[in-house]
Amino acid sequence: MAIELPVLPYEASALEPFISANTLGFHHGKHHQTYVTNTNNLIKGTDLEDASLEKIVLSAANNAEKAGLFNNAAQVWNHTFYWKSMKKGGGGAPTGAIAKKINEDFGSYEAFAEAFKNAGLTQFGSGWAWLVLKDGKLQIMKTANGDTPMAHGFIAILTVDVWEHAYYLDYQNKRADYLDVFLKNLVNWDFANANL
Ligand code: MN
C-alpha cells in the first residue's frame, strides 16, 4: 500500500487572488507529488512499505541514516497539513475554542499574529512556521526544510509553508506580504479548532 498524493481540499483557483491557481497547481502537482514519489521509492521493499505516513515519519526522525526518508515523508505530511490550514474566505481573528486559547496563551490575537509572522519571516532559507501545542499550551515554532513538529513531540495546530516555491510566482521575494495575506485572508480556523 503506497503513500498517495491527497487531493486538494478545494479547487486550485479557490484561494485566488491571494494564491494563484498556477502556484497551487505546481506546488501540489509537482512539489508535493515529488515528495510522495520519493517516499514510495525509499520505503519499497523495506519493513515500512505498508506503514502509515505518521509511522514512517516518526521511525525515520532523528536518524542520520534515514535523513532522506525523513525529509521526503515529513514533507508529504507537512504539505497535506498546509492545504488544510487554508480555506477560501479564511483568515482574520479566530472564533471558537482556539480564539479563547490564543488569548490565554499569547495575550491577544494580535500578539499571536505578530509572533507567527515573525517566525515565518525569520526562518532562514526554506522551512515552515507553526502554531503547535505542547503540555496543554500553544506555542509558535519554526522548522527548517522538511522538519516537522511531531518529530519533536509537538502537536501541530496550523502551518504556513515559507519555502520560496510556496509564494515566489505570486509575491517574488516578498515573504512578508505572503505571510500577511495568509493571516488576513487564508487561515482555516475551523481546521485549527479541530486540531486543538
Ligand atoms: Mn511546499
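Shown above is the structure to which this text applies.
Values in this document were obtained by computation on a predicted structure and should not be read as measured data.

Engineer: Any chance you could explain the coordination of the manganese ion here in plain terms?
Structural biologist: Under ideal tetrahedral coordination, the four donors around a metal are separated by 109.5 degrees; under ideal octahedral coordination, the six donors are separated by 90 or 180 degrees. His27 (NE2), His79 (NE2), Asp161 (OD) and His165 (NE2) make up the full set of protein donors to the manganese ion, lying at 2.0 to 2.1 Å. Donor residues for the manganese ion, ordered by position in the chain, follow H-x51-H-x81-D-x3-H. Here His79, found in helix 3 (residues 67-84), pairs with His165, found in the loop between strand 3 (155-161) and helix 6 (168-171); they are 86 residues apart in sequence, far enough to count as distant. For His79, a relative accessible area of 0% corresponds to the buried category.

Engineer: Just to check I follow, could you spell out the packing of helix 1 (residues 21-43) against helix 3 for this structure?
Structural biologist: Angle between the axes and distance between the axes: these two values describe a pair of packed helices. Orientation of helix 1 relative to helix 3, taken along the N-to-C sense of each, is 145°, at an axis distance of 8 Å. The hand of the helix 1/helix 3 crossing is left-handed. Side by side, helix 1 and helix 3 meet where Leu24, His27, His28, His32, Thr34, Tyr35, Val36, Asn38, Thr39, Leu42 and Ile43 of the first sit next to Gly68, Leu69, Asn72, Ala73, Gln75, Val76, His79, Thr80, Tyr82 and Trp83 of the second. For the contact of helix 1 with helix 3, the per-class residue count stands at 10 nonpolar, 11 polar and no charged.

Engineer: For this particular structure, what's the right way to read the pairing of strand 2 (residues 137-144)?
Structural biologist: The two faces of the sheet receive side chains in turn, since in a regular strand these alternate between them. Sheet topology note: the strand 1 (residues 127-134)/strand 2 ladder contains eight bridges and is antiparallel. Its bridge partner being in strand 2, Ala129 is matched across the sheet by Lys142.

Scoring rules and cut-offs
- Residues numbered from 1 in each chain as written.
- Predicted model: local features only at pLDDT ≥ 70, side-chain atom pairs only at ≥ 80, totals over all residues.
- Heavy atoms only, no water.
- Donors = N, O, S within 2.8 Å, 3.2 Å for Na, K, Ca; no water.
- Helix = DSSP H or I, 4+ residues; strand = E, 2+ residues; numbered from the N terminus.
- Buried < 20%, exposed > 50% of the residue type's maximum accessible area, 1.4 Å probe, protein only.
- Axes fitted to C-alpha atoms, helices over the stretch in contact; angles between N-to-C directions.
- Left-handed = near helix turned anticlockwise from the far one by under 90°.
- Contact = heavy atoms within 4.5 Å.
- Nonpolar A, V, L, I, M, F, W, Y, C, P; charged D, E, K, R; others polar.
- Pairing = 2+ DSSP bridges.

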